[in-house]
Every structure is written in structure tokens, then in C-alpha cells.
Amino acid sequence: MRKIWTAALSIALTTSITMNAEIKQGVDRANLDTTVSPQDDFYQYACGGWMKANPLKPEFARFGTFDELRDNNRTQLRDLITGLDSKNAVKGSVAQKIGDLYAMGLDSIKLNIDGAQPIMGDVVAINQTSKSDLIDLMADMIGISAFFVTGVEADMMNSDVNAMYWSQGGLGLGDRDYYLEDSENARKIRDAYRTYLKRLAALVGYSDEAQNRLADNVMSIETQLAEAAMTREELRNPAAIYNPMSLAKLTEAYPNVDLKRYFSKQGIDDIDTVIVGQPKSLATVDKIMAEATEQALHDYFTAGYISTAADYLSDDFVSAKFELSKAISGVEQPMPRWKRALAVPNALLGEAVGELYVEKYFPQTSKDKMLELVGNLRTALGQHIEKLTWMSDTTKAKAMEKLAAFTVKIGYPDKWRDYSKLTIDPRRSYWDNIKVALRHETDYNLSDWGRPVDRSRWYMSPQTVNAYYNPTTNEICFPAGILQAPYFDPNADEASNYGAIGVVIGHEMTHGFDDQGSQFDKDGNFANWWTEADKESFTKLTDRLADQFDQIIVLGDTHANGRFTLGENIADQGGLRVAYTAYHNSLGDSKGEIIDGFTPDQRFYLAYANVWAGNIRDEEILLRTKTDPHSLGKWRVNGSLRNIEPFFKAFDIKKGDKMYLDPVDRIVIW
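Basis of the calculations
- Residues numbered from 1 in each chain as written.
- Predicted model: local features only at pLDDT ≥ 70, side-chain atom pairs only at ≥ 80, totals over all residues.
- Heavy atoms only, no water.
- Helix = DSSP H or I, 4+ residues; strand = E, 2+ residues; numbered from the N terminus.
- Rg over C-alpha atoms; globule rule 2.2 N^0.38 Å.
- Buried < 20%, exposed > 50% of the residue type's maximum accessible area, 1.4 Å probe, protein only.
- Contact = heavy atoms within 4.5 Å.
- Areas by Shrake-Rupley, 256 points an atom, 1.4 Å probe, with all protein chains shown as cover.
- Salt bridge = Lys/Arg side-chain N within 4 Å of Asp/Glu carboxyl O.
- Axes fitted to C-alpha atoms, helices over the stretch in contact; angles between N-to-C directions.
- Left-handed = near helix turned anticlockwise from the far one by under 90°.
- Nonpolar A, V, L, I, M, F, W, Y, C, P; charged D, E, K, R; others polar.
- pLDDT = per-residue confidence, 0-100.
- Pairing = 2+ DSSP bridges.
- Core = buried A, V, L, I, M, F, W, Y, C linked by side-chain atoms within 4.5 Å.
- Parallel < 35°, antiparallel > 145°, perpendicular 65-115°, else oblique.
- Phe/Tyr/Trp six-rings, centres within 6.5 Å; stacked < 30°, edge-to-face > 60°.
- Lys NZ or Arg CZ within 6 Å of the ring centre and 35° of its normal.
- Expected span 1.5 Å × (residues − 1).
- Polar contact = N/O pair within 3.5 Å; in protein donor to acceptor, adjacent residues only side chain to side chain.

### Focus: the overall build of the protein
When you go through the protein residue by residue, the secondary structure sums to 26 helices and 12 strands. For 670 residues, the compact-globule estimate of 2.2 N^0.38 gives 26 Å, and the protein sits close to it at 25 Å. Based on the C-alpha atoms only, the size of the protein along its principal axes is roughly 75 × 55 × 50 Å. For the protein, with 670 residues in total, the buried portion stands at 58%. Counted over contacts in the protein with a minimum sequence separation of 6, partners at least 24 positions apart contribute 75%. As displayed, the protein has an accessible area near 27100 Å², and 49% of this comes from carbon and sulfur atoms.

### So, the pattern of salt bridges
For the structure shown, the criterion picks out 38 salt bridges. Here Asp-71 ties to Lys-339 by a salt bridge, and the two come within 3.1 Å at their closest N and O atoms. Of this pair, Asp-71 sits in helix α2 (residues 65-82) while Lys-339 sits in helix α15 (residues 337-348), and the two are 268 residues apart along the sequence. Both residues of the pair, Asp-71 and Lys-339, count as buried. When the shortest N-O distance is used, the salt bridge between Lys-435 and Asp-432 registers 3.7 Å. Of the two residues, Lys-435 and Asp-432 are both situated in helix α19 (residues 430-446); the distance of three residues between them amounts to about one turn of the helix. One salt-bridge network, in which partners are shared between bridges, spans Glu-59, Asp-71, Arg-74 and Lys-339.

### Quick notes on the packing of helix α3 (residues 94-106) against α15
Taken N-terminus to C-terminus, the directions of α3 and α15 make an angle of 145°; their axes are 8 Å apart at the nearest point. Judged by the twist between their axes, the crossing of α3 over α15 is right-handed. Across from Ile-98, Leu-101, Tyr-102, Gly-105 and Leu-106 in α3, the residues of α15 making contact are Arg-337, Trp-338, Ala-341, Leu-342, Val-344 and Pro-345. When its residues are assigned to classes, the contact of α3 with α15 shows nine nonpolar, one polar and one charged.

### Thoughts on the confidence of the model for the protein
Summarising the model, the protein shows a mean pLDDT of 93, and 96% of its residues fall at 70 or more. Contacts from residues 1-23, a stretch scored under 50 in pLDDT, to residues over four places away or in other chains number 102 contacts.

### Looking at the sheet that holds strand β5 (residues 243-246)
One open sheet holds the four strands; their spatial order is β3-β4-β6-β5, and the pairing between them is mixed. The open sheet has two free edges, formed respectively by β3 (148-155) and β5, since each of these has just one partner strand. Between one strand axis and the next, the sheet turns through 35° on average, direction left out of account. Direction of pairing for strand β4 (residues 158-168) relative to strand β6 (residues 273-276): parallel, over a ladder of two bridges. The residue bridging Trp-166 from the neighbouring strand is Val-276, located in β6.

### Quick word on the nonpolar core
Ranked by size, the top nonpolar core spans 188 residues in total, and within it Phe-42, Phe-147, Phe-478, Tyr-605 and Trp-670 carry the most contacts. If you look at the next biggest cluster of nonpolar residues, it comprises seven residues, including Tyr-165, Tyr-242, Ile-275 and Phe-520.

### Concerning the packing of helix α8 (residues 184-203) against helix α13 (residues 294-309)
α13 packs onto α8 with a crossing angle of 85° between their chain directions and a minimal axis gap of 10 Å. When the interaxial angle is binned, α8 and α13 end up roughly perpendicular. Residues Tyr-196, Leu-197 and Leu-200 of α8 touch α13, and the partners they reach there are Ala-303, Ile-306 and Ser-307. By residue class, the composition of the contact of α8 with α13 is five nonpolar, one polar and no charged.

### Comments concerning unusual backbone geometry
Backbone torsion omega between Ala-485 and Pro-486 reads 5°, so that peptide bond is classified as cis. Non-glycine residue Asn-474 carries a positive phi angle of around 50°. Among the secondary structure elements, Asn-474 is positioned in the loop between β8 (467-470) and β9 (475-479). Its relative accessible area of 0% is what places Asn-474 among the buried residues. Positive phi values are uncommon outside glycine, yet Asp-596 reaches one of about 55°.

### So, the packing of aromatic side chains
Two aromatic rings, taken as a pair, are described by how far apart their centres are and by the angle between their planes. Inspection of the entire model under this criterion finds 41 aromatic pairs. Seen in terms of ring centroids, Trp-530 and Phe-538 are 5.0 Å apart; in terms of plane orientation they differ by 35°. Their pairing is tilted. Of the two residues examined, Trp-530 and Phe-538, each falls in the buried class. Members of the aromatic cluster, connected to one another through ring pairs, are Phe-42, Tyr-45, Tyr-580, Phe-604, Tyr-605, Phe-647, Phe-648, Phe-651 and Tyr-660. Stacked on the ring of Trp-530, the Lys or Arg Lys-535 has its end atom at 4.9 Å from the ring centre. The side chain of Lys-626 reaches across the aromatic face of Tyr-178, ending 6.0 Å from its centre.

### Notes on the pairing of β4
Counting buried residues along β4, eight of its 11 residues qualify, which places the element largely inside the surrounding structure. Sheet analysis places β3 next to β4, joined by eight bridges and oriented antiparallel. When the bridges of β4 are listed, Val-152 appears paired with Met-164. Following β3, the chain reverses through two residues before pairing antiparallel with β4.

### Focus on α3
Compared with an ideal rise of 1.5 Å per residue, which puts 13 residues at 18 Å, α3 spans 18 Å between its outermost C-alpha atoms and is within 8% of the ideal. Buried residues dominate α3, accounting for 10 of its 13 residues. Contact partners of the buried residues in α3: α2, α4 (108-114), α15, α16 (350-361) and α19.

### Some remarks on the side chain of Asp-493
With respect to the secondary-structure elements, Asp-493 resides in the loop between β9 and α20 (494-511). Judged by relative accessible area, which is 7%, Asp-493 ranks as buried.

### Topic: the environment of Pro-345
By the element assignment, Pro-345 lies in helix α15. Judged by relative accessible area, Pro-345 falls into the buried class, the value being 0%. Spatially, the C-alpha atom of Pro-345 lies 9.3 Å from that of Ile-81, the residues being 264 residues apart in sequence. Setting aside anything within four residues of it in sequence, one finds Pro-345 in contact with Ile-81, Ile-98, Leu-101, Tyr-102, Gly-350 and Val-353.

### A look at the side chain of His-298
Within the secondary structure, His-298 sits in helix α13. Within the structure, the side chain of His-298 is placed 2.6 Å from the backbone oxygen of Thr-129, a separation counted as a polar contact. When neighbours within four sequence positions are excluded, His-298 is seen to be in contact with Ile-126, Asn-127, Thr-129 and Leu-134.

### Observations regarding α16
End to end, α16 covers 16 Å across 12 residues, agreeing with the expected 16 Å (1.5 Å per residue, within 8%). Of the residues making up α16, those classed as buried are Gly-350, Glu-351, Ala-352, Val-353, Gly-354, Tyr-357, Val-358 and Tyr-361. Tucked into the core, α16 has its buried residues touching α2, α3, α15 and β7 (407-411).

Written out as C-alpha cells, the structure reads:
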């Protein structure tokens with residue numbers, strides 16, 4: 001189960017580190033669009049040259065500097081994996097497991113010969129299961145994607161103890177709004193989904209009549225789930241999704257969802273309490289299980305199972321799934337097979353791949369430099385907290401305690417994960433091996449049951465190009481994958497490093513004090529450490545920031561969702577302000593030098609903008625506005641910078657310029 005409360009900076013980029021490069025300074029003018037004034041559209045000015053030189057590739061719905069670097073990362077990982085010589089590797093070694101899993105994904109001939117055969121036994125089993133026994137399939141059959149998700153995580157109210165969580169799920173389209181909205185785009189996606197469902201059914205031998213029945217039943221059940229599901233905005237409220245209930249009460253209230261039997265099937269018989277995320281959704285699942293026909297439930301389970309397996313089957317299944325993705329995101333062609341195959345061991349044997357990656361691509365010098373930067377950013381954030389005019393000394397003291405208690409994870413874990421219990425056997429089908437690996441992941445999560453929280457655990461693999469803050473452990477984590485140019489380069493101009501990775505560090509630190517993170521104390525417990533007056537002041541500021549982003553028009557008449565993106569917008573602004581302070585602290589008495597005509601401050605803000613350079617399809621704009629808690633790249637730049645006073649000074653932005661925002665309308669939180 002995914003970490004519910006991990007607030008991650010949604011980015012994806014990496015490239016190889018230049019170990020002995022000359023010092024890189026200045027601004028790459030090729031990235032600029034000098035036909036546009038920075039005072040009118042800073043994003044276009046800073047990124048337009050890069051965007052023109054890097055048009056969208058057919059396999060991408062969005063292509064930016066981070067996507068370009070992600071591709072470089074894939075090439076690095078492919079080189080590592082193909083160099084493992086898995087055929088001669090010791091059976092049971094990670095080299096054998098990684099190599100064989102990758103090779104099976106590449107073997108299009110066998111996959112196409114096998115066709116639907118790898119899933120047919122399970123499809124038959126689903127359709128032969130009585131209604132009363134379907135709960136066993138939900139607990140035990142890998143690939144079933146029905147109704148809800150459960151998993152073990154730290155208890156929000158007692159962060160040293162692991163708890164069992166229940167969360168809404170079961171939507172094939174992922175987002176509830178696609179089922180409920182009456183917009184042209186939502187109708188188009190629903191039509192594409194129906195086509196997809198019928199195509200999956202056809203590929204396992206269903207008649208035309210049965211295909212239509214399956215699509216009707218799936219849409220009916222999933223629409224009911226969507227109507228009961230919390231919105232993405234509601235899911236951002238920790239208090240609303242923390243509803244502990246005894247198993248006895250759950251059994252009494254929801255008799256058709258036998259959770260006692262469900263957990264027992266998973267090997268957990270000593271469970272007393274479950275933290276239910278969305279009681280309304282659970283009530284709807286109970287109602288559906290009681291009232292839906294056995295045939296309808298069989299169709300729903302079957303469709304979810306085939307859809308989960310589709311990526312690991314023949315080209316017909318992959319093509320069907322791609323056509324749905326095309327309708328949702330606008331992407332024109334699938335990723336090359338090698339990229340899709342690579343993603344599997346990279347995810348299911350993540351730390352094993354990461355150990356290889358770190359050894360080759362992440363030097364100790366980078367970790368040392370990052371520790372220095374994190375220390376500087378921590379000091380700067382403390383300075384900001386101390387200077388806040390809207391916060392009392394009482395709450396400031398608590399904030400400083402939380403800041404001091406941050407756990408910092410950089411590069412890779414101190415102890416690598418053990419994959420010895422996972423068996424990958426090329427004599428089995430690709431999908432059968434995927435199921436074994438997925439079972440291994442499920443068992444890994446369930447093994448935490450009854451144990452104290454392991455605060456040394458990483459929730460991203462080292463090669464992941466991302467970063468996160470986790471409230472229940474009060475930790476910030478920066479995997480090796482993100483610690484590369486253009487975010488981080490030990491040989492780069494300091495203004496550029498602070499404008500890029502410095503903002504990332506500040507961003508993740510600020511997540512500890514955003515609208516969600518601020519509700520957790522220094523120990524990771526969901527507990528109030530604010531005075532009532534300070535909380536009210538904070539809420540007024542965050543409401544204004546949400547309203548500000550609500551005014552942004554992203555496409556046609558579609559506006560950004562300032563409430564949904566609030567946490568990330570707070571973190572972006574905080575990261576920018578704190579990194580700027582840390583950079584100037586590092587200069588000491590120096591004002592920094594002008595390089596190639598750009599001042600240090602200008603280079604700082606240009607570096608920040610450049611990491612968000614990218615082109616994006618209209619469909620992807622609509623998709624991300626609905627499903628991504630981060631603002632679009634353009635507005636992470638233009639939207640956030642309009643609140644930053646030093647930015648106005650750096651580029652001489654005055655009243656009348658399009659980038660200008662009246663001081664009374666600027667919002668400063670951290």
C-alpha cells in the first residue's frame with residue numbers, strides 16, 4: 001500500500017554525474033526565449049528556447065527537462081541490467097532475478113504466443129467463485145483490483161506503532177470525476193473506457209453480448225463507488241480520513257464486507273482495529289456486495305483483474321490499454337518495449353537495482369555536499385520562522401522544535417532490503433512472475449503488522465528521481481536519482497544549485513509546515529501544536545493562496561484547483577524563499593559576481609524556472625489539473641514567483657508588467 005501521507009515533489013529527472021567536469025557557471029542562453037520579456041512571462045522567457053528545441057515526442061504526453069533526464073536515467077539502468085549476465089548468474093541472486101525479469105518483458109515473441117493463456121485460469125476461477133467467497137479473492141488473488149485497498153502504516157495518532165488502514169478504491173479510471181462530470185472531456189473518456197472494457201473481454205473470448213454486459217456492469221458498479229468516494233480535496237484533510245473502528249463494529253455495520261475473514265486470509269488473525277479512511281465508501285461497498293448480482297460482481301472483478309495484467313501480456317492487451325491512455329492523456333504512441341520492461345524490475349526489485357545504481361553513479365562527495373546544503377537550508381528556514389509576524393513566540397518555539405527534529409535521508413538507505421525470498425523463474429509466464437513479485441511486495445508490507453515503525457525505512461528507491469517529506473516520521477528524503485543536474489551539480493555555480501536543488505530541499509522542509517504537514521508534531525503524531533490565534537492566521541493566509549491559484553486559467557475555461565494544489569504551492573513558495581535566504585547566507589559579505597551579464601539573483605530564479613521547462617498536450621493539462629496535487633510547470637514558476645519580492649527586484653518588474661502583483665495581493669506564508 002502506498003504511503004498515504006508522503007508528500008512528494010512530483011518530478012522525474014536524472015542524468016549521469018560528471019565526475020571531473022570543469023566548473024560550470026552562468027546561464028545557458030539557449031534555454032531562453034529573448035523575444036519575450038521576463039517582466040511579462042518569466043516562464044516563457046526562461047524556458048522558451050528549451051521548449052522550442054525539444055518538441056513533444058509521440059510517446060510523451062508531457063516532455064520537460066525532467067522527462068529528458070528520466071530517459072537518460074533509463075539508459076543508465078538499462079546498461080546496468082544488461083551488464084549483469086543473468087544467464088550465467090547464480091540462481092537466486094539479485095542479478096538473476098533482475099536480469100530474467102527484464103528479459104521476459106522484452107520477449108515479445110513468447111508474450112504474443114502466450115496471448116491470454118497466462119490469465120485464463122484466474123479468469124475462470126473468478127467466474128466460478130460464489131458471491132459469498134469473493135472476499136477471499138480480494139484478499140488473496142494478486143491482480144484483483146476491486147472496491148478498496150488495505151495496508152499497514154504508522155498510526156497517525158501514535159507514530160511509533162503500525163496500524164491497519166482501509167482506503168477507498170476500485171475505480172478503473174482512477175478519478176471519481178470522470179464518472180460524474182458531464183463535460184465533453186469526461187464523456188469522451190467514459191466512452192473510451194467502455195470500448196476498453198469490451199476489448200479486454202473480447203480478448204478472453206467473451207461474445208459481443210457478454211462484452212456489452214461486462215461494460216455495463218463495470219460502469220454501474222464503479223459509478224456507485226465514484227458517487228461515494230471522497231474528492232481529492234477532501235482526501236487532503238487528515239482528520240476526515242482517520243476513522244478507527246473495531247473489527248467487531250465493522251463486522252456488525254458492514255456484514256457483507258467480511259473484513260475479519262479478509263485479514264485472516266492474509267494471515268492476520270490478531271487484528272482488533274482498522275483505521276477506515278472513507279466510511280461512506282465502505283458503506284457503498286457493503287451495499288453493492290449485498291445487492292449486485294453474482295454475474296455483475298464477476299464482471300467487475302474480471303475486468304479489474306485483466307486490466308491489471310494487461311501490461312504484462314501480448315501486444316493486443318498492451319494496445320487496448322494504450323488506446324485508453326491515449327484518450328485520457330493525448331499520448332500518441334506507447335513507450336518502447338525496453339522502457340516498459342525496464343520499469344518492472346526497477347519497481348519490484350527497486351532497492352536491488354538501486355544498490356547497483358548508487359555504486360556507479362552516486363559518489364560520496366555528492367552526499368557530503370547535500371548534507372551541507374540541507375544544513376544551510378535548515379538554518380535559513382529557522383530564520384524565517386523566527387521573523388514571522390503572524391505567528392506567536394509560543395508556536396514559533398514548537399515549529400523550531402519540529403524543524404530541529406527533521407530526519408534527513410540522502411542518496412540511499414544505510415541497510416539494503418533483502419530479496420532472498422523472491423523467486424523469479426523464466427520457466428513461468430511473465431505475468432506469473434509479476435504475480436509472485438507483487439505477492440512479495442504485499443507480504444513485505446504485511447510483515448510490518450505487530451511491529452514498531454521502522455524509521456530507517458525508505459519509501460523511494462535510490463534511483464528514483466523525486467524527493468519526499470513524510471509527516472509520520474518527520475523526515476525529508478532525497479534519493480540519489482534527483483541529486484544530479486540540472487537539480488544538483490557539485491561543479492555548478494552556487495546560485496544555480498540553490499535555485500534548483502536548494503529549492504527542492506526547502507520545498508520538502510516546508511511540507512512539514514504546509515496545510516497538511518502542519519497538523520503533525522515533531523514526533524510524527526497527528527496533534528495540534530498551534531495556538532488557536534496562530535492557526536487562524538495561518539488558515540487565512542493559505543485560503544488566500546488557494547484563491548490566488550484558483551484564478552489561473554490552464555486551458556480554455558478550465559481553472560487551476562488552488563485547494564487541491566495548496567500543499568505543493570505552499571511548499572514551492574517556501575522553498576523559493578528559504579533557498580534564496582540560504583544562498584545569500586552562503587555569500588557572507590560578498591554580493592556574488594555577475595556572470596555573462598546575469599546577477600546571482602537572476603541566475604537563482606532562472607535555475608528554478610529551467611527545471612520546469614516542458615511541453616505538454618492539452619489532454620495532459622486537463623488530466624493533471626484533475627489528478628496531480630502539483631500545479632503545472634508554468635504556474636509553479638509564474639504563479640509562485642509573483643509572490644516573491646526579491647524576484648521583482650532581480651528582473652526590475654514594475655506595476656503595469658504582466659508578472660507584477662500588487663504588494664497587498666502578495667502572499668507570504670513561510
